[in-house]
Amino acid sequence: MSGWQHIFDEVQLRTLEPGEVLFRREDRIKSMYFVRSGEVALERPLTDGTSLTLHCAKAGSALAEASLFADTYHCDAVARTPSQVAVIRREDFLSALKDRPAATLSLIETHARELQAQRSRIEIMRLRRVSDRLDAWLDIHGTPAKGEWIRVADQIGVSPPALYRELALRRR
């Protein structure tokens, strides 16, 4: 790992089982998190009893870093798979960033890349036709590796069968 991730090298690890909650909406923010393994989703409970997934943090990524300067969390953090999460006090994380300008720049770079990816995804999702979404995704990312097409379907917001139908049309 490079840059800001090193801040989590010597901190406490918390193990989560699938479905286990790391924090809940409106909990006071006391910590910063880094997913070492597994996947943790940020979910916003809705009034109808369902929840909206705002983000899925996978191994190697920060979790709820957008809340770093808030008072309370705006969603729940729920483990999707068996996960290990590094936990550091918010004050200690901010202090480490102040003491390590290179780590701070690395964090900014990470978030700039994530912002670019999200902006691209939003624009792709605005396209109406599956063929247009696929063309845009391929233009940005190129042809995916074998077995990764199902991930493409998720990223462009279509069902796998809809994507496979489009791919079959292109092969003809």
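To keep things clear, this report deals only with the structure shown in the data block. (Residues numbered from 1 in each chain as written. Predicted model: local features only at pLDDT ≥ 70, side-chain atom pairs only at ≥ 80, totals over all residues. Heavy atoms only, no water.)

Helix and strand counts for the protein chain come out as 5 helices and 8 strands. Taken along its principal axes, the extent of the C-alpha atoms in the protein chain is 60 × 40 × 25 Å. Residues counted as buried form 34% of the 172 residues belonging to the protein chain. Once local pairs closer than 6 in sequence are excluded, the contacts in the protein chain between residues at least 24 apart make up 68%. Mean positive and mean negative side-chain charge positions of the protein chain (26 and 24 charges, respectively) differ by 5 Å. (Helix = DSSP H or I, 4+ residues; strand = E, 2+ residues; numbered from the N terminus. Buried < 20%, exposed > 50% of the residue type's maximum accessible area, 1.4 Å probe, protein only. Contact = heavy atoms within 4.5 Å. Lys, Arg positive; Asp, Glu negative; His and termini not counted. Charge placed at Lys NZ, Arg CZ, Asp CG, Glu CD.)

All right, on to the state of the cysteines then. Each disulfide is one covalent bond, formed between the sulfur atoms of two cysteines. Counted under the stated rule, the structure contains 0 disulfides. We note that Cys 56 lacks a disulfide partner, and the nearest cysteine sulfur, in Cys 75, lies 11 Å from it. You can call Cys 75 buried: its relative accessible area is 8%. (Disulfide = S-S within 2.5 Å.)

We now examine the side chain of Ser 61. Along the chain, Ser 61 falls in strand β6 (residues 61-63). A polar contact is formed between the side chain of Ser 61 and the backbone oxygen of Lys 58, at a distance of 2.6 Å. When near neighbours in sequence (up to four residues on either side) are disregarded, Ser 61 contacts Phe 34 and Val 35. (Polar contact = N/O pair within 3.5 Å; in protein donor to acceptor, adjacent residues only side chain to side chain.)

Its 12 residues place the ends of helix α5 (residues 160-171) 16 Å apart at the C-alpha level, agreeing with the 16 Å of an ideal helix rising 1.5 Å per residue. Of the residues making up α5, those classed as buried are Ala 162, Leu 163, Glu 166 and Leu 167. Looking straight down α5, one finds that the buried residues subtend no more than 135 degrees of arc, so they occupy a single side. Of the exposed residues in α5, those oriented more than 90 degrees away from the buried face are Arg 165 and Arg 171. (Expected span 1.5 Å × (residues − 1). Arc of directions from axis to C-beta.)

One pass over the full model with this rule turns up 6 aromatic pairs. Where Trp 4 meets Phe 8, the ring centres are 6.3 Å apart and the plane angle is 85 degrees; that geometry is what we call edge-to-face. Both residues of the pair, Trp 4 and Phe 8, count as buried. By way of ring pairs, the aromatic residues Trp 4, Phe 8, Phe 34 and Phe 93 are connected into one cluster. (Phe/Tyr/Trp six-rings, centres within 6.5 Å; stacked < 30°, edge-to-face > 60°.)

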